[in-house]
There are 4 protein chains.
Amino acid sequence: MLEQLKEQVCEANRALVCHELVVLTWGNVSGIDRDSGLVVIKPSGVPYDSLTPEKMVAVDLEGNVVAGDYKPSSDTPTHLLLYRTWPDIGGIVHAHSTYATAFAQACRPIPCLGTTHADLFYGEVPITRSLTKEEVDAGYEINTGRVIVERFAKLDRSHAPGVLAANHGPFVWGGDPAGAVENAVALEEVAKMAFATVQLDPKVGPIPQHILDKHCSRKHGPGAYYGQQ
Amino acid sequence: MLEQLKEQVCEANRALVCHELVVLTWGNVSGIDRDSGLVVIKPSGVPYDSLTPEKMVAVDLEGNVVAGDYKPSSDTPTHLLLYRTWPDIGGIVHAHSTYATAFAQACRPIPCLGTTHADLFYGEVPITRSLTKEEVDAGYEINTGRVIVERFAKLDRSHAPGVLAANHGPFVWGGDPAGAVENAVALEEVAKMAFATVQLDPKVGPIPQHILDKHCSRKHGPGAYYGQQ
Amino acid sequence: MLEQLKEQVCEANRALVCHELVVLTWGNVSGIDRDSGLVVIKPSGVPYDSLTPEKMVAVDLEGNVVAGDYKPSSDTPTHLLLYRTWPDIGGIVHAHSTYATAFAQACRPIPCLGTTHADLFYGEVPITRSLTKEEVDAGYEINTGRVIVERFAKLDRSHAPGVLAANHGPFVWGGDPAGAVENAVALEEVAKMAFATVQLDPKVGPIPQHILDKHCSRKHGPGAYYGQQ
Amino acid sequence: MLEQLKEQVCEANRALVCHELVVLTWGNVSGIDRDSGLVVIKPSGVPYDSLTPEKMVAVDLEGNVVAGDYKPSSDTPTHLLLYRTWPDIGGIVHAHSTYATAFAQACRPIPCLGTTHADLFYGEVPITRSLTKEEVDAGYEINTGRVIVERFAKLDRSHAPGVLAANHGPFVWGGDPAGAVENAVALEEVAKMAFATVQLDPKVGPIPQHILDKHCSRKHGPGAYYGQQ
């Protein structure tokens, strides 16, 4: 099981490069095996083209390394907090993809301007608040996870498979590592389209509510009819 | 005949990826055999790199699946309405290509700013109105087709092989599936150029009428002299 | 000699695709053999990936086809006028590359904002005036050539290996077809950089004159010391 | 040793193309062997795809060619001044990458808007002043190096592995040629993100100081914990 997860996580990390979501070593994907409670994640600072399943790092939900010769990604505490808090997610991507990061740097949520966006996010892509000095000093990575969770306190989490960490970049999740990558690809493209739309019309408003409702229900929930089955 | 159409439609769907008009599964191409009245279209939600001619879905003009093991694209009712209304078209592309979608999200037609545009569209790329709540509830996809047809009520359709669906993205057609893809490629590039031009000069006006007339007649109509024969 | 020129022109046309200067069939390269006075040019409307040296079209300087089974590019009269007027040029590119075309559509010369630009153009990239209705009616393509030549009436042509045709796109030349393609690549990149610079600072002024002088003389003229020899 | 350095420098120059930092011949990488005091650099004006280790040029720190059949890059005096001034650097990249050059052309430092930036530069990416006419006349390339050094007179150089030369483009360094290329890749991506962020919010302020401090110390200095070991 762990071997299979390592393969999935390795492939998902390499997919970040294919989808042009990362340069250098600027991103990481993890996956969890809920039965054993083990999380597999990219080793820190290792280039994608040298990644193999054997180099993936397995940690328990408290962050103890249980398998692997490398140090896990420095963002591991953020991933672990999300896995501990949300038992339904199976994979997480953190990247610094260009346009999603630009919105994060502008400390601005991504408005829902069209059906492309509505297919994935029911409403705007939320953004966290900035971390305080005390939070950074006390534990930067775990507190990054905490402000993400805090942001969803009053949100229906099924409305958004991802978030922008203010000043930083996107964290995106899914049912498994590949699903999280797919959502990260979608988020970046949605961000790029929103960027261009806002340039065309700085005062553009969100998509009409009834079209948002329709696109969301077409792909998600009991009445969904997009895709096979 | 149907087998040949399936091959054409499969190849046209895969061409969307080569031309960078789609990410994930965000687009579809169909084609029609006017003799039999059968339409072949992409299966819903299936990745492009796993598409084969056998996976294409054949439906009649009322939407009944007559061949294929998959569900057709969820946008099938839009395609069918256009085929039923306009007997001269042989292929349709729907995509969420970045810059055409940005104009659609800004609810703004693409102005005709140069000869690149004039070679394909005689005047601006039209945009539909938004669907009402009643229209969405009564049948989102078929009413998407209806507002497209409505938009052409007072337009000479030979002036534009495509349209922007407001809040959504482009629908583009042609004599066959490959021709529709070619027009979708041209539309996206024209949209990207218009985006950049408008950034350089927000008040830029359309191309002079006599140059528009010339470029259109050079490529289309009885006096056309572009291309072979 | 003609066979060799056909190979060069064929390769130069295909290079437009490698350098992402064209989509579909939107561009053409020609070359001239000054001894015979024959010009070789791309056939009209033929896709780049099916081009072979045999498909290139040879015309004399008056435009009579002397070899080849295809019709020459519809832009041939523009190319021929430039060859007849300027005996020092050996190759011409016409393309609709994105950012150079955006400046052409905005009817705006490309200001010289940095040393990248100064290495190729001594001062702004000039732009023609728009053609009048009479000029379009009397001969669109040849008059496109005439307004290009007119634009250089008071310019030292050695300062600019190319021009923007207003409402249209760039025409670029060089000592041979490959050299013209190289200049077209440079022009597009310079246009893209200028686009981004103007977005960062709409009031940005040109590069200081003494730096312009230096970069130009470093690469061109008797004191040039860039490159080998 | 020199042979090994030639291989490294050759590979680093070719990497500029892979990372899309250059078009044509617009960039160069050098490396130094501190023991012998020899610098290896790209030959001037030679295309990247024809580069081999044998074509690299070795010069001493005064610029005398000691090995190689080609002329060194015309930017060699700039590289040499930086090597003579800063004994800790082992490789230098000069490129005209699009967005970093746009900031250089706008004579604007790149503000530190997010953690992507903070991972590499502690604060803004600095920009030099423009060269005076006297400086250009007296020695353009060496004075380009001097204004770079001047810019760091009151800066802690460990805060920035690169700089924008005003009106020109980036110079970036590292511990060896490959490290310098990596920093040049990061700088270009950071510039692109900053460009987009500034478009979204022209008045955006820099990242909070405590987050800047954290990201810098996470990757650099005695308490660094990013990467392996």
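Keep in mind it's a predicted model, so treat the numbers as computed, not measured.

Criteria and thresholds
- Residues numbered from 1 in each chain as written.
- Chains lettered and ligands numbered in written order.
- Predicted model: local features only at pLDDT ≥ 70, side-chain atom pairs only at ≥ 80, totals over all residues.
- Heavy atoms only, no water.
- Helix = DSSP H or I, 4+ residues; strand = E, 2+ residues; numbered from the N terminus.
- Rg over C-alpha atoms; globule rule 2.2 N^0.38 Å.
- Axes fitted to C-alpha atoms, helices over the stretch in contact; angles between N-to-C directions.
- Parallel < 35°, antiparallel > 145°, perpendicular 65-115°, else oblique.
- Left-handed = near helix turned anticlockwise from the far one by under 90°.
- Contact = heavy atoms within 4.5 Å.
- Nonpolar A, V, L, I, M, F, W, Y, C, P; charged D, E, K, R; others polar.
- Pairing = 2+ DSSP bridges.
- Core = buried A, V, L, I, M, F, W, Y, C linked by side-chain atoms within 4.5 Å.
- Buried < 20%, exposed > 50% of the residue type's maximum accessible area, 1.4 Å probe, protein only.
- Buried area = accessible area lost by both parts, 1.4 Å probe.
- Salt bridge = Lys/Arg side-chain N within 4 Å of Asp/Glu carboxyl O.
- Polar contact = N/O pair within 3.5 Å; in protein donor to acceptor, adjacent residues only side chain to side chain.
- pLDDT = per-residue confidence, 0-100.
- Least-squares fit on C-alpha atoms with pLDDT ≥ 70 in both.

A. Geometry of the overall build of chain A. In terms of helices and strands, chain A carries 7 helices and 7 strands. When the helices and strands of chain A are read in sequence order from the N terminus, they spell out α-β-β-β-β-α-β-α-α-α-β-β-α-α. Expected size for 229 residues packed as a compact globule is a radius of gyration near 17 Å; at 17 Å, chain A falls within 12% of this value. C-alpha atoms of chain A, sized along the principal axes, occupy 50 × 50 × 35 Å.

B. Geometry of the packing of helix H6 (residues 177-200) of chain C against helix H6 (residues 177-200) of chain D. Where H6 of chain C contacts H6 of chain D, the two axes come as close as 10 Å, and the packing angle between them is 45°. Taken together, the axes of H6 of chain C and H6 of chain D lie oblique to each other. By crossing handedness, the relation of H6 of chain C to H6 of chain D is classed as left-handed. Here H6 of chain C contributes Ala 196, Gln 199 and Leu 200 of chain C to the contact with H6 of chain D, which in turn contributes Phe 195, Val 198 and Gln 199 of chain D. Looking at side-chain class alone, the contact of H6 of chain C with H6 of chain D contains 4 nonpolar, 2 polar and no charged residues.

C. Quick look at the sheet that holds strand S5 (residues 91-95) of chain C. Residue and element names in this part refer to chain C. With antiparallel pairing, the 7 strands of this open sheet are ordered in space as S4-S3-S2-S1-S5-S7-S6. The sheet is open, and its two edges are formed by strand S4 (65-67) and strand S6 (162-165), each paired on a single side. Across the sheet, the mean angle from the axis of one strand to that of its neighbour is 25°, orientation sign disregarded. Looking at chain direction, strand S3 (residues 57-60) and S4 are connected through 2 bridges and run antiparallel. Within S4, the position partnered with Ala 58 by the bridge is Ala 67. Docked against the sheet, helix H1 (residues 2-18) engages strand S1 (27-33), strand S2 (38-41), S3, S4 and S5, running at close to 155° with respect to S1.

D. Highlighting the nonpolar core. Residues and elements named next belong to chain A. Judged by nonpolar contacts, the single largest core of 69 residues is most densely connected at Ile 110 and Trp 173. No other element matches the 11 residues that helix H6 (residues 177-200) contributes to this core. Excluding its chain neighbours within four sequence positions, the residues that come into contact with Ile 110 are Phe 103, His 117, Glu 124, Val 125, Leu 164, Leu 187, Val 190, Ala 191 and Ala 194.

E. Here's a closer look at the environment of Ala 165 of chain A. All names here are of chain A. With respect to the element layout, Ala 165 can be found in strand S6 (residues 162-165). C-alpha of Ala 165 to C-alpha of Leu 24: the two residues are 141 residues apart in sequence and 20 Å apart in space. Filtering out sequence-adjacent residues up to four positions away, Ala 165 remains in contact with Ala 104, Thr 128 and Phe 171.

F. Fine view of the interface of chain A and chain D. In this complex, chain A contributes 33 residues to the contact, which on the side of chain D involves 31 residues. Contact between chain A and chain D buries roughly 2,800 Å² in total, counting both sides, with carbon and sulfur atoms accounting for 58%. Two residues, Glu 141 of chain A and Arg 218 of chain D, come together in a salt bridge whose shortest N-O distance is 2.7 Å. Counting the contacts that link chain A with chain D gives 17 residue pairs in polar contact (both at pLDDT 80 or more). Secondary structure elements with two or more residues in the side of chain A that touches chain D: helix H3 (98-105), helix H5 (133-151) and H6 of chain A. Looking at the side of chain A that touches chain D element by element, the count peaks at 6 residues for H3 of chain A. Looking at side-chain class alone, the side of chain A that touches chain D contains 15 nonpolar, 13 polar and 5 charged residues.

G. Representation of the interface of chain D and chain C in the model. Between chain D and chain C, the contact holds 33 residues from the first and 31 residues from the second. For the pair chain D and chain C, the two sides together bury roughly 2,900 Å², of which 58% comes from carbon and sulfur. Viewed at the interface, chain C and chain D are joined by 2 salt bridges. Elements that contribute at least two residues to the side of chain D that touches chain C include exactly helix H3 (98-105), helix H5 (133-151) and H6 of chain D. If you tally residues by element for the side of chain D that touches chain C, the top one is H3 of chain D, at 6 residues. Here the side of chain D that touches chain C is built from residues that sort into 15 nonpolar, 13 polar and 5 charged.

H. Layout of the confidence of the model for chain A. Of all residues in chain A, 100% attain a pLDDT of 70 or more, and the chain-wide mean is 95. This complex was scored by the predictor with a pTM of 0.96 and an ipTM of 0.95.

I. Region of interest: the arrangement of the chains. For the non-touching pair chain A and chain C, the nearest C-alpha separation works out to 11 Å. Looking at chain B next to chain D, you find no contact at all, with the nearest C-alpha pair sitting 11 Å apart.

J. Representation of the relation of the copies chain D and chain C. For the pair chain D and chain C, the superposition axis carries a translation of 0.0 Å, the fit reaches an RMSD of 0.0 Å, and the rotation angle comes to 90°. The symmetry that links the two subunits is that of a four-fold axis. The rotation axis passes nearest to the C-alpha of Gln 199 of chain D in chain D, at a distance of 5.5 Å. Interface overlap between copies is the fraction of interface residues in one copy that are interface residues in the other; for chain D against chain C it is only 3%, indicating separate surfaces.

K. Inspection of helix H2 (residues 76-85) of chain C at higher detail. Residues and elements named next belong to chain C. By the criterion of burial, H2 is predominantly enclosed, with 7 of the 10 residues buried. Within H2 the residues assigned to the buried category are Thr 76, Thr 78, His 79, Leu 80, Leu 81, Leu 82 and Tyr 83. Lining the buried residues of H2 we find S1, S2, S3, S5, helix H5 (133-151) and strand S7 (169-174).

L. Structural context of the pairing of strand S5 (residues 91-95) of chain A. Residue and element names in this part refer to chain A. Judged by how many residues are buried, S5 sits mostly within the fold: 5 of 5 residues are covered. Every second residue of S5 is oriented toward a common face, with Gly 91, Val 93 and Ala 95 on one face and Ile 92 and His 94 on the other, all of them buried. The sheet contact formed by strand S1 (residues 27-33) and S5 spans 5 bridges and is antiparallel. Bridging from a neighbouring strand, Ser 30 pairs with Ile 92 of S5. Across 4 bridges, S5 lies against strand S7 (residues 169-174) in antiparallel orientation. Paired with Gly 91 across the two strands is Gly 174, which belongs to S7.

M. The relation of the copies chain A and chain D, seen in detail. At an RMSD of 0.0 Å, chain A and chain D line up after a rotation of 90° and a shift of 0.0 Å along the axis. Each copy contacts the other with its own distinct surface, as only 3% of the interface residues of chain A are interface residues in chain D too.

N. Expanded view of the sheet that holds S1 of chain A. Residue and element names in this part refer to chain A. Read across the sheet, 7 strands follow the order S4-S3-S2-S1-S5-S7-S6 without closing on themselves; strand pairing throughout is antiparallel. This sheet does not close on itself; its edge strands, each paired only once, are strand S4 (65-67) and S6. For this sheet, the mean angle separating the axes of adjacent strands, direction not counted, is 25°. With respect to the sheet, helix H2 (residues 76-85) is in contact with S1, strand S2 (38-41), strand S3 (57-59), S5 and S7, its orientation differing from that of S1 by roughly 35°.

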